Amino acid sequence: MSVLGSVAARGNVAARLPESTLISGFAVGATTRSHEPRSLFETLEEVRRAGCEILEIHAGQAIGPGFGEARVGDTLTDEQLTLLRRKLSATSVKLVAAQVRFSNNNSANARLFEWADQLGIQILVGDPPLEQFDG
């Protein structure tokens, strides 16, 4: 099994997570990046077996059976979101963060936040284009 990455959160986010995920006030979990090229479903099973309860996902990762060519991201259909939520419930793993790709398109960025909200994701980590920085 690959080494688990970590997602560390403190403050309001950590306060909303299970006590069992906290170590010295920090929430510690895994990242799907450590499990590539496995699908999200395979990763969920691995981190569950390792006793991990929280996970950071990455946009663009293959999801698993029943999703065809669909990838993790804001283009999932309502049916696919429902299937993903069922898998999360079955594994008792909570998505808390997502690595995403922001753009110069405000409505596309808004869709990322809406998608995160639909999955209960509390943190979006991204690499905005340089032109979005003040400067």
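Sequence order as written defines the numbering, with residues in each chain counted from 1. Only residues with pLDDT of 70 or above have their local features reported here, since the model is predicted, and side-chain atom pairs are shown and tallied only from 80 upward, although totals for entire chains, interfaces and linings are computed over all residues. Hydrogen atoms and water are omitted, and side-chain values are computed over all heavy atoms in the structure.

Quick word on the sheet that holds strand β4 (residues 54–58)
Consideration 1: Two strands qualify as a pair provided that DSSP identifies no fewer than 2 bridges between them. Comment: elements are numbered from the N terminus, with helices defined as DSSP H or I runs of at least four residues and strands as E runs of at least two. In space, the four strands of this open sheet follow the order β3-β4-β5-β6, with parallel pairing throughout. The open sheet terminates on both sides in strands that have one partner only, identified here as β3 (30–31) and β6 (123–126).
Consideration 2: Of the strand pairs in this sheet, β4 and strand β5 (residues 94–100) are connected by five bridges, and their pairing is parallel. Paired with L55 across the bridge in β5 is L95.
Consideration 3: The strands touched by helix α4 (residues 106–118) are β4, β5 and β6; relative to β6, the strand with the most contacts, the crossing angle is about 140°. Residue contacts are counted whenever heavy atoms from the two residues lie within 4.5 Å of one another. The convention used is that axes are lines fitted to C-alpha atoms, helices contributing only their stretch in contact, and that angles between N-to-C directions extend from 0 to 180 degrees.

Considerations on the side chain of S39
Consideration 1: Considering the arrangement of structural elements, one finds S39 in the loop between β3 and α2 (40–49).
Consideration 2: Look at S39 and you get buried, because its relative accessible area is 10%.
Consideration 3: Those residues in contact with S39 that lie beyond four places of it in its chain are Q61, A62, I63 and G64. Summary of the burial criterion: residues with accessible area below 20% of their type's maximum are buried, those above 50% are exposed, and those between are partly exposed, where the area comes from a 1.4 Å probe applied to protein chains only.

Details of the confidence of the model for the protein
Consideration 1: pLDDT expresses how confident the predictor is about each individual residue, on a scale running from 0 to 100. Model confidence for the protein is summarised by a mean pLDDT of 82, while 82% of its residues fall at 70 or above.
Consideration 2: Here helix α1 (residues 12–15) stands out as the element of the protein with the lowest mean pLDDT, 51, in contrast to helix α3 (residues 78–91), whose mean of 94 is the highest.
Consideration 3: Within the model, pLDDT remains below 50 along residues 1–11, and this stretch shows 34 contacts once partners closer than five positions in the same chain are excluded.

Quick look at the pattern of salt bridges
Between side chains of opposite charge, pairing is possible as soon as their charged atoms come close.
Consideration 1: Salt bridges are defined as contacts in which a side-chain nitrogen from Lys or Arg sits within 4 Å of a carboxyl oxygen from Asp or Glu. By the definition in use, this model includes five salt bridges.
Consideration 2: With a closest N to O distance of 2.8 Å, R33 and E36 form a salt bridge.
Consideration 3: The shortest N-O distance in the salt bridge between E45 and K87 comes to 2.9 Å. With E45 in helix α2 and K87 in helix α3, this residue pair connects regions lying 42 residues apart in the sequence.
Consideration 4: You can call E45 partly exposed: its relative accessible area is 22%.

Digging into the nonpolar core
Across soluble globular proteins, nonpolar side chains show a tendency to be buried alongside one another.
Consideration 1: In this text, buried Ala, Val, Leu, Ile, Met, Phe, Trp, Tyr and Cys residues form a nonpolar core when linked through side-chain atoms within 4.5 Å. Counting 27 residues, the largest nonpolar core has L55, I57, L84, W115, I121 and L124 as the members making the most contacts within it.
Consideration 2: Listing elements by their share of this core, those giving two or more residues are α2, β4, α3, β5 and α4.
Consideration 3: With four residues, the top contributor of residues to this core is α2.
Consideration 4: Leaving out residues up to four positions away in the same chain, L84 has contacts with L40, F41, F67, L76 and L119.

Remarks on the packing of aromatic side chains
Consideration 1: Stacked, tilted and edge-to-face are the three classes applied to pairs of Phe, Tyr and Trp rings, where Trp contributes its six-membered ring and a pair requires centres within 6.5 Å; stacked means planes under 30 degrees apart, edge-to-face means over 60, and tilted covers the rest. For the structure on display, the rule yields two aromatic pairs.
Consideration 2: Residues F102 and F113 carry aromatic rings whose centres are separated by 5.9 Å and whose planes lie at 25° to one another, so their mutual orientation is stacked. Of the two residues, F102 is situated in the loop between β5 and α4 and F113 in helix α4; the sequence distance between them amounts to eleven residues.
Consideration 3: Counted as over-ring charges are cases with an Arg CZ or a Lys NZ within 6 Å of the ring centre that also lie within 35 degrees of the ring normal. Here K87 stacks its cationic end above the ring of F41, 5.3 Å away from the centre of that ring.

Remarks on the environment of L119
Consideration 1: By the secondary structure assignment, L119 is in the loop between α4 and β6.
Consideration 2: L119 sits in the buried class, given a relative accessible area of 9%.
Consideration 3: Ignoring any residue separated from it by four or fewer positions in sequence, one finds L119 in contact with L81, L84, R85 and L95.

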